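Examination of the molecular architecture
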Amino acid sequence: MSSESTTSRPDVELSILYKISQALVHRHNVADLLHEVLLIMEHAMGLSYGTLTLRRPDTDIFFIEAAHGLTPEEQQRGQYRLGEGITGVVAKSGKPEVIPDISRDPRFLNRTKSRKDTRSAFICVPIVHRGQVIGTFSIIHKSADPQILARDLNFLTLVANLLAEAVAETREQLSERQSLVAENERRRRELGDQYRPANLFGNSKSMRAVYDQVAQVADSTATVLIRGESGTGKELVARAIHFGSSRRDKPFISVNCAAL
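Throughout what follows, the structure given in this document is the object of discussion. Keep in mind that this is a model prediction, so the values were computed, not measured. (Residues numbered from 1 in each chain as written. Predicted model: local features only at pLDDT ≥ 70, side-chain atom pairs only at ≥ 80, totals over all residues. Heavy atoms only, no water.)

1. Topic: the pairing of strand β1 (residues 50-55)
- Burial runs high along β1: 6 of the 6 residues are buried.
- With burial as the criterion, each face of β1 is covered, one bearing Gly-50, Leu-52 and Leu-54 and the other bearing Thr-51, Thr-53 and Arg-55.
- Pairing of β1 with strand β2 (residues 61-68), which is carried by 6 bridges, proceeds in the antiparallel orientation. By the bridge assignment, Arg-55 is partnered in β2 with Phe-62.
- Connecting the antiparallel pair β1 and β2 is a turn made up of 5 residues, with Asp-58 showing a positive phi of about 65°.
- Here 5 bridges tie β1 to strand β6 (residues 132-141), and the two strands are oriented antiparallel to one another. Bridging across to β6, Gly-50 finds its partner in Ile-139. (Buried < 20%, exposed > 50% of the residue type's maximum accessible area, 1.4 Å probe, protein only. Helix = DSSP H or I, 4+ residues; strand = E, 2+ residues; numbered from the N terminus. Pairing = 2+ DSSP bridges.)

The following block contains the structure:
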């Protein structure tokens, strides 16, 4: 990574950290946050390739959540298990890796198939929260100078530490929302099965919506208008509402309006 301006290295790093801290305050979506971090580093330091992986909840799989220099197809291919490839090794050990020449390291899998010329340096650092690796941050480096690599490794580690708390907090919020959605879906399915009228069949999304509506109005005093073309089962739905209500012991009277 290098800056095209004459600004000193400490000033560039301080500017990057300030911009990232602002992004942490205003961004509440993990993907958007990570993309913005990569853009900040691109503009300030000339970053041409970088990836941020996140650990999929309750698994040992790390997938690329945000990337710079990759197509969407290449990004989708970037998934690593613990210990698999350099990214997986960093995720498993919790320790950063600096590879001066990835073309000579068999652990570099090039799983994204994005690197045609692999004669580059590679830096990968873990994103750790409460002792658990929740992601990794990696870049392709043009320089093989040990001092430059060591300097950028330290800075990348600092950025990863800065991201860890925000990423973990946002992921927890997302996980909670996903759990609520899953729980609501489970309860909805249970209620759908419980209140599915015996005279109606089908398990599609549309039919489950009908079952939900029947359950909602069946035991109310509301007047229900059922609309639909001839043969779509309007009377079946009307019977389902009647026999699902507290008036199920009363007679159900069907009147053919066309005959009146």
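2. Points about unusual backbone geometry
- Its identity as a non-glycine residue notwithstanding, Asn-110 has a phi of 50°, on the positive side.
- Position of Asn-110 among the secondary structure elements: in the loop between β4 (97-99) and β5 (121-129).
- Residue Asn-110 is classed as buried on the basis of its relative accessible area of 17%.
- For Arg-130, which is not glycine, the phi dihedral falls at a positive 55°.
- On the secondary structure map, Arg-130 appears in the loop between β5 and β6.
- Using a relative accessible area of 73% as the deciding quantity, one classes Arg-130 as exposed.

3. Section: a negative patch on the surface
- The grouping of Glu-165, Glu-169, Glu-172 and Glu-176 at the surface amounts to a negative patch.
- Examined against the element boundaries, Glu-176 turns out to sit in helix α5 (residues 146-194).
- Glu-176 gets classed as exposed once you look at its relative accessible area, which sits at 54%. (Patch = residues over 30% accessible without salt bridge, like charges linked within 9 Å, V, L, I, M, F, W, Y side chains within 5 Å. Areas by Shrake-Rupley, 256 points an atom, 1.4 Å probe, with all protein chains shown as cover. Salt bridge = Lys/Arg side-chain N within 4 Å of Asp/Glu carboxyl O. Lys, Arg positive; Asp, Glu negative; His and termini not counted. Charge placed at Lys NZ, Arg CZ, Asp CG, Glu CD.)

4. Notes on the nonpolar core
- Within the largest apolar cluster, 33 residues are counted, with the highest numbers of intra-cluster contacts made by Leu-34, Leu-52, Phe-137 and Leu-163.
- Those elements that place two or more of their residues in this core are α1 (9-26), α2 (30-45), β1, β2, β5, β6 and α5.
- At 11 residues, the largest contribution of residues to this core is made by α5.
- With 12 residues, the next largest nonpolar core counts Val-90, Phe-108, Cys-124 and Ile-140 among its residues. (Core = buried A, V, L, I, M, F, W, Y, C linked by side-chain atoms within 4.5 Å.)

5. Overview of α1
- Its 18 residues place the ends of α1 26 Å apart at the C-alpha level, agreeing with the 26 Å of an ideal helix rising 1.5 Å per residue.
- Here α1 has its buried residues at Arg-9, Val-12, Glu-13, Ile-16, Ile-20 and Ala-23. Take α1 and look down its axis: the buried residues cluster within an arc of 95°, on one side only. In α1, those exposed residues whose orientation departs by more than 90 degrees from the buried face are Pro-10, Leu-14, Tyr-18, Val-25 and His-26. (Expected span 1.5 Å × (residues − 1). Arc of directions from axis to C-beta.)

Shape descriptors only; they carry no functional weight alone.
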